[in-house]
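Descriptive analysis of the structure
Okay, here's what each chain looks like letter by letter:
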Amino acid sequence: MTVRRVVPNVRSEAMRENREFYGLLGFEEVMNQGWIMTLASTTNPTAQISVLTHDETGPVVPDVSVEVDDVDAAYAVMCDSGAEIVHSLRDEEWGVRRFFVRDPNGRVINVLSHRR
C-alpha cells in the first residue's frame, strides 16, 4: 500500500476567513463542497489542508485524511488488526471511497482513495 498524501482536517465555520488566512501562506482553494474546502500549496499541490464545517456522511469530522492507493487493502489491514472502525468502507458521491478508523491516541483517521 502506498500513501499518496496526508491532509490535516480543521473543523471550522469560518470558511472564508480560513481561505484568506491560508492564502497568505501560499495556499489556494482546489475543492469546495460547501461543507468541506481543501486548500493546496501553489508550488507543491500535495501539501494541503482541509477545512470542514461537518462531515456530510460521517459521524464525526476526522482529524486527518490519509489518501492511499488501495483503500480496500487498508480497510482489510485495519479490520484484521482489530482497530476500531468508526465509519465503514463506502463509496461517496463526491468521488472517493473511504472509511474512518480510530488511532491509538483516539484520533479519527479518514482513509481514502479517489475513484477513477
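Residues numbered from 1 in each chain as written. Predicted model: local features only at pLDDT ≥ 70, side-chain atom pairs only at ≥ 80, totals over all residues. Heavy atoms only, no water.

The chain goes by Glyoxalase-like domain-containing protein in an unreviewed UniProt entry, where it is assigned to Streptomyces melanosporofaciens.

**Comments concerning the nonpolar core**
Selection rule: We call a set of buried residues a nonpolar core when its members are Ala, Val, Leu, Ile, Met, Phe, Trp, Tyr or Cys and they connect through side-chain atoms within 4.5 Å of each other. Using a 1.4 Å probe on the protein chains alone, a residue whose accessible area is under 20% of its type maximum counts as buried, one over 50% counts as exposed, and one in between counts as partly exposed. In this description a helix means any DSSP run of H or I spanning at least four residues, a strand means any run of E spanning at least two, and both kinds are numbered starting from the N terminus. Should any heavy atoms of two residues lie within 4.5 Å, those residues are counted as being in contact.
Membership of the largest hydrophobic core is limited to 9 residues, which are Val 66, Val 68, Val 71, Ala 74, Leu 89, Phe 99, Val 101, Ile 109 and Val 111. Those elements giving two or more residues to this core turn out to be β5 (64-68), α2 (71-81), β7 (96-102) and β8 (108-114). If sequence neighbours within four positions are ignored, Ala 74 has contacts with Met 1, Val 68, Phe 99 and Val 111.

**A few points about the environment of Val 10**
Tracing the backbone through its elements, the reader meets Val 10 in strand β1 (residues 3-11). With relative accessibility at 27%, the residue Val 10 sits in the partly exposed group. Along the backbone, Val 10 and Val 64 are 54 residues apart, and their C-alpha atoms lie at a distance of 8.6 Å. With residues near it in sequence (within four places) discarded, Val 10 still touches Ile 49, Ser 50, Val 51 and Leu 52.

**Details of the sheet that holds strand β3 (residues 36-41)**
We count it as follows: Strands pair, by our definition, only if DSSP identifies at least two bridges between them. Lines are fitted to the C-alpha atoms to define the axes, a helix being fitted only along its stretch in contact, and any angle between axes, read from their N-to-C directions, falls within 0 to 180 degrees.
Overall, mixed pairing links the 8 strands, which are arranged β2-β3-β4-β1-β5-β8-β7-β6 in an open sheet. Looking at which strands have only one partner, the edges of the open sheet turn out to be β2 (27-32) and β6 (85-91). Recorded for the sheet is a direction-independent mean angle of 25° between the axes of neighbouring strands. Relative to β8, β7 runs antiparallel, the two being bridged by 7 bridges. Note on β8: the bridge partner recorded for Arg 102 is Val 108. Contacting β2, β3 and β4 (48-52), helix α1 (residues 15-23) crosses the sheet at an angle of about 5° to β3.

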